[in-house]
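# Understanding the architecture of this molecule
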Amino acid sequence: MNVVLRELVALGGGLVTLGAVWQRVPQWALQQACRNGELVRVLPEVFVAAYLVDSRPGAPALSRLDPALGQRGALAWADGCGALSHLSALSRVGGAPAGGR
């Protein structure tokens, strides 16, 4: 994988958006990383390091991520134009859902 792209993925905790990539890396570097199986597209314009995606065949890539990483991916894709549900948001900040113990 391209060195700069690898740094962007590391800085993003395994996740990188197309917007971030295009600011610093040529498009061919992202395409090559996907072809080589180093990155997986989980949502439009959102890519995750392949080692973070579990190997359940047939399941959508987003559902094969750790829930916290999946939520980060969804928020990155929404790019400030969306929100998590109240229960998902609560789990992100470390609280337990109401009624759950």
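Please refer to the structure placed before this passage.
Residues numbered from 1 in each chain as written. Predicted model: local features only at pLDDT ≥ 70, side-chain atom pairs only at ≥ 80, totals over all residues. Heavy atoms only, no water.

### Brief notes about the overall build of the protein chain
Cut-off, in case you're wondering: By the criteria applied, helices consist of DSSP H or I runs no shorter than four residues and strands consist of E runs no shorter than two, each listed in order from the N terminus. A simple rule labels every residue: compare its accessible area, found with a 1.4 Å probe on the protein chains alone, to the largest value its type can have, and call it buried under 20%, exposed over 50%, or partly exposed in between. Whether two residues are in contact is decided by their heavy atoms: any pair within 4.5 Å suffices. In this description, accessible areas are obtained by the Shrake-Rupley approach with a 1.4 Å probe, and a residue is regarded as covered only by the protein chains that are shown.
Each helix and strand counted, the protein chain has five helices and three strands in total. Walking the protein chain from its N terminus toward its C terminus, one meets helices and strands in the order α-β-α-α-β-β-α-α. When each of the 101 residues of the protein chain is scored for burial, the buried share is 28%. Taking as baseline every contact in the protein chain between residues at least 6 positions apart, the subset at least 24 positions apart corresponds to 38%. Element-wise, carbon and sulfur atoms account for 57% of the exposed surface of the protein chain, whose accessible area totals about 6,300 Å².

### Quick look at the nonpolar core
Short version of the rule: Buried Ala, Val, Leu, Ile, Met, Phe, Trp, Tyr and Cys residues form a nonpolar core when they are joined through side-chain atoms within 4.5 Å.
By size, the foremost hydrophobic cluster in this structure holds 13 residues, and its most contacted members are Leu5 and Leu39. When contributions to this core are tallied by element, the ones reaching two or more residues are α1 (3–11), α2 (18–24), α3 (27–35) and β3 (46–49). Ignoring sequence-local partners within four residues, the contact set of leucine 39 consists of Met1, Leu5, Val9, Leu30, Ala33, Cys34, Phe47, Val48, Ala49 and Ala50. Core analysis: the next-biggest nonpolar cluster, separate from the first, contains nine residues, Val42, Val48, Val53 and Leu69 among them.

### Some details on the sheet that holds β3
Where we set the bar: Note: two strands are recorded as paired if DSSP finds a minimum of 2 bridges between them. To obtain each axis, a line is fitted to C-alpha atoms, and for helices this fit is confined to the stretch in contact; angles are then taken between N-to-C directions over 0 to 180 degrees.
Read from one edge to the other, the open sheet built from three strands follows the order β1-β3-β2, with strand pairing classed as antiparallel. Since the sheet does not close on itself, it has two edges, and those belong to β1 (15–17) and β2 (39–43), each with one partner. Averaged over all pairs of adjacent strands, the angle between strand axes in this sheet comes to 35 degrees, irrespective of strand direction. As defined by bridge partners, β2 adjoins β3 across four bridges and the pair is classed as antiparallel. Directly across from valine 40, in β3, lies its bridge partner valine 48. Here helix α4 (residues 67–78) sits on the sheet and contacts β1, β2 and β3; the angle it forms with β1, its principal contact strand, is near 10 degrees.

### Quick word on the pattern of salt bridges
Put simply, the test is: Within this document, salt bridges are pairs made up of a side-chain nitrogen of Lys or Arg and a carboxyl oxygen of Asp or Glu, the two lying within 4 Å of each other.
Throughout the structure, instances matching the rule amount to two salt bridges. Notably, a salt bridge pairs aspartate 54 with arginine 56, separated by 3.1 Å at the nearest N-O pair. Residue aspartate 54 is classed as partly exposed on the basis of its relative accessible area of 31%. Judged by its relative accessible area of 41%, arginine 56 falls in the partly exposed class. Linked by salt bridges that have partners in common, Asp54, Arg56 and Arg64 make up one network.

### A short note on α3
Counted only if it meets this: By definition, the arc is the one covered by directions from the helix axis to the C-beta atoms.
All of the buried residues along α3 are Ala29, Leu30 and Ala33. Around the axis of α3, the buried residues are gathered within 100 degrees of arc, so they sit on the same side. Looking at α3, the residues exposed on the side facing more than 90 degrees away from the buried face are Trp28 and Arg35. Where the residues of α3 are buried, they touch α1, α2, β2 and β3.

Remember that the coordinates give geometry; whether it matters functionally is a separate question.
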